[in-house]
Amino acid sequence: MLLELREVERVYRVGGADVRALDGIDLALDAGEFVAVTGPSGAGKSTLLHILGALDTPSSGSVRFDGAEIGGLGDRAQSEFRLRRVGFVFQFFNLLPTLTAWENVAVPALLGGQSLARARPAATRSLESVGLGDRAEHRPAELSGGQMQRVAVARALMMDPPVILADEPTGNLDSKTGREVLDVLGALAKDTAAPRLVVMVTHDRTAAEWADRRVSLVDGKIRADTRSADAVAAEV
Ligand code: ADP
Ligand code: ADP
């Protein structure tokens, strides 16, 4: 199992009261899965995504990556985990406006200590893998929304992480370009050479249906966890 949560709780203390954002989450997620996390506002979706990506730490319970506990890692080990093991995709792309597409894609390699020149071939390949090889020198303002999000996906892939976490990746796109981004995310999970775990938080019904597994949260608890028939069939 790539990522496994056991009895995870995340409690925020707000004005002397406890807010239980996650309340007893048991969840096992594997490479090859494209998972949608759904549920009403305040259900705990973002908190769950942050814990999966080691952006946040549970108040109690265990989070294992490839069998090793990551819930209690120190700051340094946590940032290393985020850099090498996880790619993040955001609703508003979070691209740097002054950098070209390939330079944006190279940013994680720079954080990992590489020079821009050394990172260039891998950044170019990553852009090609999302179908944007011909947009390498464009700046974000010169790209459509769907293209910007694909640049963001290419950036998430830059360090070749086994886990991709996306927060409302289609939330700022129309249905056609949203669909393109979902196609790319689904293909990353199903990549036969290197299957990945792709988890996206979404309010978009079509996006949730596009995923092969849907985890629905209510009040910090898992209310339903369903898999598409073909995803179940692929396992037997
Ligand atoms: P969702 O993403 O499903 O909208 P969140 O994970 O953002 O839900 O929030 C779950 C609950 O935790 C909500 O009640 C929210 O108000 C609370 N919460 C989230 N982040 C914080 C925080 N930093 N401090 C206090 N409460 C928080
Ligand atoms: P879509 O692909 O969603 O129809 P647009 O109609 O916005 O997107 O853009 C069409 C093409 O024009 C895109 O491939 C994009 O790279 C290019 N483009 C869009 N805006 C600009 C711009 N301001 N400068 C240069 N090229 C642009």
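Residues numbered from 1 in each chain as written. Chains lettered and ligands numbered in written order. Predicted model: local features only at pLDDT ≥ 70, side-chain atom pairs only at ≥ 80, totals over all residues. Heavy atoms only, no water.

The name that an unreviewed UniProt entry assigns to the chain is Putative ABC transport system ATP-binding protein, with the source organism given as Nocardia tenerifensis. Under the heading Sequence similarities (unreviewed entry), UniProt records this for the chain: "Belongs to the ABC transporter superfamily." (UniProt positions renumbered as here; feature names shortened; annotations may be inferred.)

Trainee: Whenever I open this one, the site of ligand 2 confuses me. Can you help?
Mentor: What surrounds ligand 2 is the set Arg135, Ala141, Glu142, Ser144, Gln147 and Thr177. With respect to ligand 2, the side chain of Gln147 contributes an N or O atom lying 2.8 Å from an oxygen atom. Within the complex, the protein chains bury 42% of what would otherwise be the 540 Å² of accessible surface of ligand 2. For the shell around ligand 2, a count of residues per class yields one nonpolar, three polar and two charged. (Near = heavy atom within 4 Å. Polar contact = N/O pair within 3.5 Å; in protein donor to acceptor, adjacent residues only side chain to side chain. Areas by Shrake-Rupley, 256 points an atom, 1.4 Å probe, with all protein chains shown as cover. Nonpolar A, V, L, I, M, F, W, Y, C, P; charged D, E, K, R; others polar.)

Trainee: Where do I start with the confidence of the model for the chain in this structure?
Mentor: Segments scoring low in pLDDT should not have their predicted coordinates read at a detailed level. On average, residues of the chain score 94 in pLDDT, and 97% of them reach the 70 mark or higher. With a pTM of 0.88, the predicted complex shows an ipTM of 0.71. (pLDDT = per-residue confidence, 0-100.)

Trainee: Sorry if this is basic, but what is going on with the sheet that holds strand S10 (residues 221-227) here?
Mentor: Strands pair in a sheet through their backbones, by hydrogen bonds, and they do so in one of two ways: parallel or antiparallel. With respect to topology, six strands assemble into an open sheet ordered S6-S7-S8-S3-S9-S10, the strand pairing being mixed. Two strands close off the open sheet at either side, each with one partner strand: strand S6 (86-89) and S10. The sheet shows a mean angle of 15° between the axes of neighbouring strands, taken without regard to direction. Relative to strand S8 (residues 197-201), strand S3 (residues 34-38) is paired through four bridges, and the arrangement is parallel. Following the sheet pairing, Phe34 is matched in S8 by Val198. Here helix H1 (residues 45-52) sits on the sheet in contact with S3, strand S7 (163-167), S8 and strand S9 (213-218), set at roughly 155° to S7. Strands in contact with helix H6 (residues 175-190) are S3, S7 and S8; relative to S3, the strand with the most contacts, it is inclined by about 125°. (Pairing = 2+ DSSP bridges. Helix = DSSP H or I, 4+ residues; strand = E, 2+ residues; numbered from the N terminus. Axes fitted to C-alpha atoms, helices over the stretch in contact; angles between N-to-C directions. Contact = heavy atoms within 4.5 Å.)

Trainee: I tried to follow the side chain of Glu103 on my own but got confused; where do I start?
Mentor: Here Glu103 shows up in helix H3 (residues 101-111). We note that Glu103 is buried and unpaired, the nearest opposite charge coming from Arg139 at a distance of 5.0 Å. Here Thr100 takes part through its backbone nitrogen, which lies 3.0 Å from a polar atom of the side chain of Glu103. (Buried < 20%, exposed > 50% of the residue type's maximum accessible area, 1.4 Å probe, protein only. Lys, Arg positive; Asp, Glu negative; His and termini not counted. Salt bridge = Lys/Arg side-chain N within 4 Å of Asp/Glu carboxyl O.)

Trainee: Looking at this model, I keep getting lost on the packing of aromatic side chains. Mind explaining?
Mentor: Each pair of aromatic rings is reported with the distance of its centres and the angle of its planes. Under the definition given, this model contains two aromatic pairs. Note on Phe65 and Phe81: the rings are 5.2 Å apart at their centroids and 80° apart in plane angle, and the pair reads as edge-to-face. Of this pair, Phe65 sits in strand S4 (residues 60-65) while Phe81 sits in helix H2 (residues 75-85); the two residues are 16 residues apart in sequence, bridging distant segments of the chain. For the pair Phe65 and Phe81, one class covers both residues: buried. (Phe/Tyr/Trp six-rings, centres within 6.5 Å; stacked < 30°, edge-to-face > 60°.)

Trainee: Looking at this model, I keep getting lost on the packing of H3 against helix H5 (residues 145-157). Mind explaining?
Mentor: Two quantities define a packed helix pair, namely the angle between the helix axes and the distance between the axes. The contact between H3 and H5 brings their axes to 7 Å, and the two run at 35°. Once H3 is placed against H5, the crossing between them reads as right-handed. Along the contact surface, H3 presents Ala101, Asn104, Val105 and Pro108, while H5 presents Val151, Ala154 and Arg155. In the contact of H3 with H5, the residues fall into five nonpolar, one polar and one charged. (Left-handed = near helix turned anticlockwise from the far one by under 90°.)

Trainee: Explanation requested: the site of ligand 1 in the structure shown.
Mentor: Residues in close proximity to ligand 1 include Tyr12, Val14, Val19, Ala21, Pro40, Ser41, Gly42, Ala43, Gly44, Lys45, Ser46 and Thr47, which together make up its full environment. Contact distances for ligand 1 include 3.5 Å between a nitrogen atom and a side-chain N or O atom of Tyr12. In the environment of ligand 1, an oxygen atom lies 2.9 Å from a nitrogen or oxygen atom belonging to the backbone of Gly44. Computed on the free molecule, ligand 1 has an accessible area of 560 Å², of which 61% lies beneath the protein chains in the complex. Broken down by secondary-structure element, the contributors of at least two residues to the shell around ligand 1 are strand S1 (3-14), strand S2 (17-29) and H1.

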